[in-house]
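Geometric and topological summary
What follows is each chain in one-letter form.
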Amino acid sequence: KDEKVLYRSDFFPGLGWMMTKSLWQELQGKWPRAYWDDWLREPKQRQGRQILRPEVCRTLHFGAKGVSNAQYSDYLTQIRLNDQFVPFSAMDLTYLQEDKWDRYYLESVRKAPLLSLREATAKVENPSSLTDNEKENGIRVRYNSLDEMSHQPDSFSALARWSGAMNNVKAMVPRTAYKGVVSLYKNGVKVHLIPSDFI
């Protein structure tokens, strides 16, 4: 939605990325020949490291064929690409430092009211009913399971289908998640999908 917004994430995206020279020197000797993106998502390689990602995508996925067999093409073909120059190097990005991000982002998520799926659906279908707090911080819906095959109404899988999030979990981390929280927009309403242990 906003070309200037960046997020921290625990999920390595796999498309259009950079790493530091020191990280490459650490990983290059054991780099796998295939499925390196999933390999990088494993805790042994990730070691708690996080990435920065833009809210509006800067990469175009054009591989309808390949090892993933266009597995997520429904999502990838709908990505809105950035079309505006953003002078990130001239901006104060210190808010992305982990301690500041936890205060800035997680506090905003905590301020968002926790709603049932039924209540959240009503808000999303009628955005004019949003309170000022909901407009500023969004709304929260809690998930209790990361099982991608679950059909339980309180599973991440079910909430991903409802919200339009990608139902993709690798090494127990949902795609784009930060500390289990996945934030997205549904019908212009900011929705935070939060894990059951989110405080």
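Below is a summary of the structure that appears in this document. (Residues numbered from 1 in each chain as written. Predicted model: local features only at pLDDT ≥ 70, side-chain atom pairs only at ≥ 80, totals over all residues. Heavy atoms only, no water.)

So, on to the side chain of S163. Here S163 is to be found in helix α8 (residues 156-163). A relative accessible area of 6% places S163 in the buried class. Leave out the neighbours within four places in its chain, and S163 touches L184, K186 and L193. (Helix = DSSP H or I, 4+ residues; strand = E, 2+ residues; numbered from the N terminus. Buried < 20%, exposed > 50% of the residue type's maximum accessible area, 1.4 Å probe, protein only. Contact = heavy atoms within 4.5 Å.)

Where strand β6 (residues 182-186) meets strand β7 (residues 189-195), five bridges bridge the pair, whose relative direction is antiparallel. Residue Y185 lies in a different strand from β7, and its bridge partner there is K190. Counting the residues that bridge the hairpin from β6 to β7 gives two residues, and of these N187 lies at a positive phi of roughly 55°. (Pairing = 2+ DSSP bridges.)

The space that makes up the second largest pocket amounts to roughly 360 Å³. Taken together, 17 residues form the lining of the second largest pocket, with Y104, Y105, S108, E136 and K190 sitting closest to its centre. Secondary structure elements with two or more residues in the lining of the second largest pocket: β1 (6-9), α5 (98-111), α7 (132-137) and β7. Looking at the lining of the second largest pocket element by element, the count peaks at six residues for α5. (1 Å grid on protein atoms, 1.4 Å probe; cavity = no way out; pocket = protein on both sides within 12 Å on 5 of 7 lines; lining within 4 Å. Points joined across faces, edges and corners; volume = space filled by probe spheres on them.)

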